[in-house]
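# Observations on chain architecture
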Amino acid sequence: MISDEVLVQLLADGHFHSGEKLAMELNVSRTAVWKKLKKLLTLGLVVDSVKGKGYRLSQPVELLSKDRIKHHLSEGSCAAINNLILLPIVDSTNSYLLNETKTQRVLSKATICLAEYQSAGRGRRGRQWVSPYGSNLYLSIDWQFDSGVAALEGLSLAVGVGVARALSSLNLPDITLKWPNDILLNSRKLGGVLIEVVGDHAGPCRAIVGVGVNVGMPDQTLDIDQPWIDLKSVCEGVSRNELAAALINQLTEVLVSFESKGLKPYIKEWRQLDAFKDRLVNVTSGNSVVTGICCGIADNGALVVDVDGVKRNMHGGELSLRLNNES
Ligand code: BTN
């Protein structure tokens, strides 16, 4: 069987490769190559086929490499991470770590999982996270907290600040944050954070911190139900491996400090990055919609909305925040 990964590796340079040469390199028939090329389409890769030239990926792909990521890791994150797992294909990096945690196979303090492709990537509120192969970053960190679940309030806000710091450490464009977990660039969604917690309310627990960042979506129509953007459309030559390392560096720092200091050290920075401050917003919970002026976040990370002159603190994973003029 030809591994999907080997074929993508051969095509990663974005140059044309003849079917004959690919067949030779993979030691299979040309028909088998053709079938595999068709499968790449289902993974979200776009393959150009030109008679007389062969096949190429419509855009070159920088595959993730443990060595390249490790090369850019800080001393602090190397010390904090026990395990770095790189998977070509997975349902969801969050689900993978959740399963490992439940089956007690992961017992270390911190495990990181990255994947090239997610067949069932998950966003907040049951949404799908579109995760084409080799295009973006899909990263989850399984982190053991000695405190109980209650102490994790506001963690997704601190993680958002960590993502902003990671992008800025690579001189990438400035992003803004939308409560509670959206990473925005030019008012469109660049990424998101999904945190899932397993464990006791009072005793030790584990947080699976999932982060998705759009680096370079394939040039094809994607079924995404909100305005989105990728880094490729605003700057050239973003290295996925360097970005993965920068995210790991910043997020491990955030997780270490959150354990002892909580959200406090991140509040000021979050407020500076707040995309919706002073805007008229709708906050939806199930069928009920509340409209008011967004006043930013409270010290515990709750969203503060001024509704008819009364400030209301709102929190909860199921809330959805939108600008009032958005459909
Ligand atoms: C959101 O904005 O709704 C959150 C998106 C989180 C996506 C990431 S990608 C890595 C990890 N695995 C998942 O299935 N989801 C998160």
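Everything that follows concerns the structure shown earlier in this document.
Read on for an overview of the structure. (Residues numbered from 1 in each chain as written. Predicted model: local features only at pLDDT ≥ 70, side-chain atom pairs only at ≥ 80, totals over all residues. Heavy atoms only, no water.)

## Topic: the overall build of the protein
When helices and strands are counted, the protein shows nine helices and 14 strands. The C-alpha radius of gyration of the protein comes to 21 Å, within 12% of the 20 Å expected for a compact globule of 327 residues. Along the first, second and third principal axes, the C-alpha atoms of the protein reach 70 × 45 × 35 Å. Counting over 327 residues, the protein shows a buried share of 53%. On the protein, roughly 15400 Å² of surface is accessible, and the fraction owed to carbon and sulfur atoms is 49%. Charge centroids of the protein, computed over 35 positive and 35 negative side chains, lie 3 Å from each other. (Helix = DSSP H or I, 4+ residues; strand = E, 2+ residues; numbered from the N terminus. Rg over C-alpha atoms; globule rule 2.2 N^0.38 Å. Buried < 20%, exposed > 50% of the residue type's maximum accessible area, 1.4 Å probe, protein only. Areas by Shrake-Rupley, 256 points an atom, 1.4 Å probe, with all protein chains shown as cover. Lys, Arg positive; Asp, Glu negative; His and termini not counted. Charge placed at Lys NZ, Arg CZ, Asp CG, Glu CD.)

## A word on the site of the ligand
Of all residues adjacent to the ligand, which total 21 residues, the nearest are Ser92, Gln118, Arg122, Arg124 and Lys189. Here Thr93 contributes a side-chain N or O atom positioned 3.1 Å from a nitrogen atom of the ligand. At 2.7 Å, a backbone N or O of Arg122 approaches a nitrogen atom of the ligand. Within the complex, the protein chains bury 98% of what would otherwise be the 420 Å² of accessible surface of the ligand. If you list the elements that add at least two residues to the shell around the ligand, you get helix H6 (93–102), strand S5 (137–145), strand S8 (188–199) and strand S9 (205–213). (Near = heavy atom within 4 Å. Polar contact = N/O pair within 3.5 Å; in protein donor to acceptor, adjacent residues only side chain to side chain.)

## Points about the sheet that holds strand S12 (residues 303–307)
Here we have five strands laid out as an open sheet, ordered S13-S12-S11-S10-S14, and antiparallel in their pairing. Strands at the two margins of the open sheet, each flanked by one partner only, are strand S13 (310–314) and strand S14 (320–323). The mean inter-strand angle of the sheet, taken between neighbouring strand axes irrespective of direction, is 45°. Of the pairings in the sheet, the one linking S12 to S13 comprises five bridges and is antiparallel in character. In the sheet register, Val305 faces S13, and the bridge partner there is Arg312. (Pairing = 2+ DSSP bridges. Axes fitted to C-alpha atoms, helices over the stretch in contact; angles between N-to-C directions.)

## Looking at the sheet that holds strand S6 (residues 176–178)
With respect to topology, seven strands assemble into an open sheet ordered S3-S4-S5-S9-S8-S7-S6, the strand pairing being mixed. Only two strands of the sheet have a single partner each, and these edge strands are strand S3 (83–90) and S6. Going from strand to strand, the sheet's axes swing by 20° on average, the running direction of each strand aside. Pairing analysis gives three bridges linking S6 to strand S7 (residues 182–185), with the strands arranged antiparallel. Pairing of Thr176 across the sheet is with Leu184, part of S7.

## So, the pattern of salt bridges
According to the stated counting rule, one finds 12 salt bridges in the structure shown. Across the salt bridge formed by Glu259 and Lys109, the nearest N and O atoms sit 3.0 Å from each other. Taken together, the residues span a long stretch of sequence, with Glu259 in helix H8 (residues 240–261) and Lys109 in the loop between H6 and strand S4 (110–118) at a distance of 150 residues. With a relative accessible area of 32%, Glu259 lands in the partly exposed category. Put simply, Arg240 and Glu116 hold a salt bridge, and the shortest N to O gap is 2.8 Å. Placement of Arg240 in helix H8 and of Glu116 in strand S4 is noted, with a sequence separation of 124 residues between them. Like Arg240, the residue Glu116 is buried in the burial classification. Several salt bridges share partner residues, and in doing so they unite Lys178, Asp182 and Lys189 into one network. (Salt bridge = Lys/Arg side-chain N within 4 Å of Asp/Glu carboxyl O.)

## Looking at helix H1 (residues 4–11)
Buried within H1 are the following residues: Asp4, Leu7, Val8 and Leu11. All buried residues of H1 fall inside an arc of 100° around its axis, so they share one side. Of the surrounding elements, those touching the buried residues of H1 are helix H2 (19–26), helix H3 (30–42), strand S2 (54–57) and S3. (Arc of directions from axis to C-beta. Contact = heavy atoms within 4.5 Å.)

## A word on the packing of H1 against H3
Where H1 meets H3, the closest approach of the two axes is 10 Å, and the angle between their N-to-C directions is 90°. In terms of their interaxial angle, H1 and H3 are classed as roughly perpendicular. Counting all contacts with H1, which are made through Asp4, Leu7, Val8 and Leu11, the residues of H3 involved are Lys36, Leu37, Lys39 and Leu40. Taken together, the residues of the contact of H1 with H3 break down into five nonpolar, no polar and three charged. (Parallel < 35°, antiparallel > 145°, perpendicular 65-115°, else oblique. Nonpolar A, V, L, I, M, F, W, Y, C, P; charged D, E, K, R; others polar.)

## Comments concerning the environment of Val290
When you line up the elements, Val290 lands in strand S11 (residues 288–297). With relative accessibility at 17%, the residue Val290 sits in the buried group. Taking the C-alpha atoms as reference points, Val290 and Val305, 15 residues apart in sequence, are found 9.0 Å from one another. Excluding its chain neighbours within four sequence positions, the residues that come into contact with Val290 are Val281, Asn282, Val283, Val307, Arg312 and Met314.

## A closer look at the pairing of strand S10 (residues 280–285)
Sheet topology note: the S10/S11 ladder contains six bridges and is antiparallel. Note that in S11 the partner of Ser285 across the bridge is Ser288. The pairing of S10 with S14 spans four bridges and is classified as antiparallel. Residue pairing for S14: Val281 is matched across the bridge by Leu323.

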